[in-house]
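# Tertiary structure, described
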Amino acid sequence: MDAAEDMTSPTEGVTTSVDASSGGEGAPLDVQGHRGDRGNVPPGNTLPSFESAIALGVDTLEGDLQITADGVVVFGHDADLAVTGCTWAGVAEPPSTMIAALSSAEVQMFDCHLELEGIQPPPLLAEVLDLDAEIAFNLEMKRLAVADADVYMQALVDYDQACGRCLGGRLIIQSFNWQLIEHANATFGDRIDFRGSVLTLSSAGSAALEEAAAYAEILSPTHEVVDATLVARAHAAGLQVIPWTVNEVDDMQRLIELGVDGIITDYPDHLLTHLGR
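Let me begin by describing the structure that accompanies this report. Quantities reported herein were computed from a predicted structural model and do not represent experimental measurements.

### Structural notes on the overall build of the chain
Helix and strand content of the chain: ten helices and eleven strands. In terms of overall size, the chain behaves like a compact globule, its C-alpha atoms giving a radius of gyration of 18 Å where 277 residues would be expected to give roughly 19 Å. If one aligns the C-alpha atoms of the chain with their principal axes, the spans along those axes are about 55 × 45 × 35 Å. Within the chain, buried positions represent 51% of all 277 residues. As displayed, the chain has an accessible area near 11100 Å², and 51% of this comes from carbon and sulfur atoms. Charge separation in the chain, taken as the distance between the mean sites of 11 positive and 44 negative side-chain charges, equals 5 Å.

### Section: the packing of aromatic side chains
Applying the stated rule across the entire model yields three aromatic pairs. For the pair F176 and W244, a centre-to-centre distance of 5.9 Å together with 90 degrees between the ring planes defines the contact as edge-to-face. Here F176, found in the loop between β7 (171–175) and α6 (178–188), pairs with W244, found in the loop between β10 (240–241) and α9 (249–258); they are 68 residues apart in sequence, far enough to count as distant.

### Quick notes on the environment of A232
Structurally, the position occupied by A232 is in helix α8 (residues 228–236). Under the relative-accessibility criterion, A232 is labelled partly exposed at 48%. When the C-alpha positions of A232 and Q32 are compared, they lie 22 Å apart, and in sequence the two are 200 residues distant.

### A look at the state of the cysteines
Inspection of every chain in the model, using the stated rule, returns two disulfides. Here C86 pairs with C112 through a disulfide, and the sulfurs are 2.1 Å apart. Sign of the S-S torsion, about 100 degrees for the bond between C86 and C112, identifies this disulfide as right-handed. Residue C86 is located in the loop between α2 (81–84) and β4 (87–88), and its partner C112 is located in the loop between β5 (110–111) and α4 (125–129); the two are separated by 26 residues in the primary sequence. Using a relative accessible area of 7% as the deciding quantity, one classes C86 as buried. With a relative accessible area of 9%, C112 lands in the buried category.

### Some details on the pairing of strand β1 (residues 30–34)
Extensive coverage of β1 is indicated by the burial of five of its five residues. Residues D30, Q32 and H34 line one face of β1 and the alternating positions V31 and G33 line the opposite face, and both faces are buried. Alignment of β1 against strand β11 (residues 262–265), held across four bridges, turns out to be parallel. Note on β11: the bridge partner recorded for D30 is G262. Bridge analysis of β1 against strand β2 (residues 60–67) gives three bridges, and the strand direction is parallel. Within β2, the position partnered with Q32 by the bridge is T60. For the crossover that starts at β1, traverses helix α1 (residues 47–56) and ends in the parallel β2, the hand is right-handed.

Reading the values: the criteria
- Residues numbered from 1 in each chain as written.
- Predicted model: local features only at pLDDT ≥ 70, side-chain atom pairs only at ≥ 80, totals over all residues.
- Heavy atoms only, no water.
- Helix = DSSP H or I, 4+ residues; strand = E, 2+ residues; numbered from the N terminus.
- Rg over C-alpha atoms; globule rule 2.2 N^0.38 Å.
- Buried < 20%, exposed > 50% of the residue type's maximum accessible area, 1.4 Å probe, protein only.
- Areas by Shrake-Rupley, 256 points an atom, 1.4 Å probe, with all protein chains shown as cover.
- Lys, Arg positive; Asp, Glu negative; His and termini not counted.
- Charge placed at Lys NZ, Arg CZ, Asp CG, Glu CD.
- Phe/Tyr/Trp six-rings, centres within 6.5 Å; stacked < 30°, edge-to-face > 60°.
- Disulfide = S-S within 2.5 Å.
- Pairing = 2+ DSSP bridges.
- Right-handed = clockwise from strand over helix to strand, strands pointing away.

Right, here's the structure in full:
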């Protein structure tokens, strides 16, 4: 999702709605912590932020994946660690602040939580997947080339095989490049159990949604474009609707009333309180 997203805390009081416990078709609403608990533990995509979201009781950890110069998958929304706000903790000057130009060892020398003791670097893929044996993961492939998708997916396959297929039923892969989800489904769909999610900044017509449903299970639009028509179209195509990034309680309630299946938020504590959970 875009780095310019507003994560301002809701200005209205957080209230509980007795009618807000379910998503589309009566299923429990999937509460997804955007980059963990980004609103309360910024900058997100770090172990402290993910751990905070788990402690709050989210259903799904949403996060972003990058690739280091030596082909290791790490978490991070921004390609540039300076944009994220992570600070070099090594000696001399860093060779770069760009994750793609750094080795995985060099990435581990960037501290993303100066307020905490010790270095809190962008975590490795396995470090986050190891946090909880039951929680679900919604992982965005930030790099958009097919070759990059292969790196992401192979890393997930390797982890899943090593843990005895422990990611089964718990993994969502998302991208703004819908072709990457199609490629991942065609190339890795028989090797790892995952649901594909297509991200979008705009609405989508029935034809596009029906085509996407051939390789994806979820439509994930920015919440501003979600209306009753889009939800109906997506559901008719067999797609769940999980919008992002929803930080105002009024917006959460509006989307719940429209029948969305999940909500991605910087403030999962506010959404969980609203749901009475």
